[in-house]
Amino acid sequence: MKIEYCPLCGWGPLEKPYESMEELWFSYDICDCCGCEYGLDDNEPYYEKWVSEGCRWLYPEAKPTGWRLQDQLQHQIRPWPPNPLT
Ligand SMILES: [Zn+2]
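All residue numbers refer to position in the chain's written sequence, counted from 1. Side-chain atom pairs in this predicted model are given and counted only at pLDDT of 80 or more, local residue features only at pLDDT of at least 70, and totals for whole chains, interfaces and linings cover all residues. Where side-chain values are given, they derive from all heavy atoms of the structure, hydrogens and water being excluded.

## Observations regarding the nonpolar core
Formally: Buried Ala, Val, Leu, Ile, Met, Phe, Trp, Tyr and Cys residues form a nonpolar core when they are joined through side-chain atoms within 4.5 Å. Think of it in three bands: with a 1.4 Å probe and only protein chains considered, a residue is buried below 20% of the maximum accessible area for its type, exposed above 50%, and partly exposed in between. Secondary structure follows DSSP: runs of H or I at least 4 residues long count as helices, runs of E at least 2 residues long count as strands, and numbering of each begins at the N terminus. We call two residues in contact whenever any of their non-hydrogen atoms come within 4.5 Å of each other.
Grouped together as the largest cluster of nonpolar side chains are 21 residues, with contacts concentrated most on Cys6, Cys9, Trp11, Cys31 and Trp50. For this core, the secondary structure elements donating two or more residues are α1 (21-27) and α2 (44-52). Among residues more than four places away in sequence, those in contact with tryptophan 50 are Cys9, Cys33, Cys34, Cys55, Arg56, Trp67 and Leu69.

Here is the structure:
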């Protein structure tokens, strides 16, 4: 399964898509938007906390004008499976 959007917050399309969940988890990349680190804290509780704290972008300069969370929710992967490595 190709992953072209942040599975947690739905941001994307990502500059470099991942070929699989394993590739995503082993990348330890960090989402510009929700700031989760794949393979470390990409889990639904992290996402819920991020939303409850007002959806602050990790890199505000990457945030498009007029950005709305609800426009990218369809790209989330739910349920997002827990990382088997943690
Ligand atoms: Zn994200």
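## Let's talk about the coordination of the zinc ion
Short version of the rule: Any N, O or S atom lying within 2.8 Å of the metal counts as a donor, and for Na, K and Ca the limit rises to 3.2 Å; water is left out, so some sites can look incomplete. For a four-donor site, all angles between 85 and 135 degrees give tetrahedral; for four or six donors, opposite pairs above 155 degrees with the remaining angles between 65 and 115 give square planar or octahedral; all remaining cases count as irregular.
Each protein donor to the zinc ion is listed here as Cys6 (SG), Cys9 (SG), Cys31 (SG) and Cys34 (SG); together their distances run 2.3 to 2.4 Å. Bound by four donor atoms, the zinc ion shows angles of 106 to 113° at the metal and therefore tetrahedral coordination geometry. Each donor residue of the zinc ion lies on the same chain, and together they follow the pattern C-x2-C-x21-C-x2-C. Pair noted here: cysteine 6 is in the segment before α1 and cysteine 34 is in the loop between α1 and α2, with a separation of 28 residues, a long-range link. Here cysteine 6 matches cysteine 34 in class, with each residue buried.

## Concerning α2
What counts here: Polar contact criterion, stated in full: a pair of N or O atoms within 3.5 Å, where within protein one must be able to donate a hydrogen and the other to accept it, and residues adjacent in sequence count only if both atoms are side-chain atoms.
Sitting at the head of α2, asparagine 43 places a side-chain oxygen 2.9 Å from the backbone nitrogen of tyrosine 46. Where α2 terminates, the next one or two residues include glycine 54, which has phi positive at roughly 95°.

## Structural notes on the packing of aromatic side chains
Where two aromatic rings form a pair, the distance of their centres and the angle of their planes describe that pair. Heads up, the condition is: To pair, rings of Phe, Tyr and Trp, with the six-membered ring standing in for Trp, must have centres within 6.5 Å; the planes then decide the type, stacked if under 30 degrees apart, edge-to-face if over 60, and tilted in the middle. When the NZ atom of lysine or the CZ atom of arginine is within 6 Å of a ring's centre and also within 35 degrees of its normal, the charge is said to sit over that ring.
Inspection of every chain in the model, using the stated rule, returns six aromatic pairs. Considering the side-chain rings of tryptophan 11 and tryptophan 57, the 4.7 Å spacing of their centres and the 75° angle between planes classify their relative orientation as edge-to-face. Taken together, the residues span a long stretch of sequence, with tryptophan 11 in the segment before α1 and tryptophan 57 in the segment after α2 at a distance of 46 residues. Taken as a pair, tryptophan 11 and tryptophan 57 share a single burial class, namely buried. Plain terms: the ring middles of tryptophan 57 and tryptophan 67 are 5.3 Å apart, the flat faces sit at 90° to each other, and that makes the pair edge-to-face. Within this pair, whereas tryptophan 57 is found in the segment after α2, its partner tryptophan 67 is found in the segment after α2, the two being separated by ten residues in sequence. The class of tryptophan 67 is buried, set by a relative accessible area of 17%. Ring pairing ties together the aromatic residues Trp11, Tyr47, Trp50, Trp57 and Trp67, which thus form one cluster. The ring of tyrosine 47 has arginine 78 sitting right over it, with the charged end atom 4.8 Å from the ring centre.

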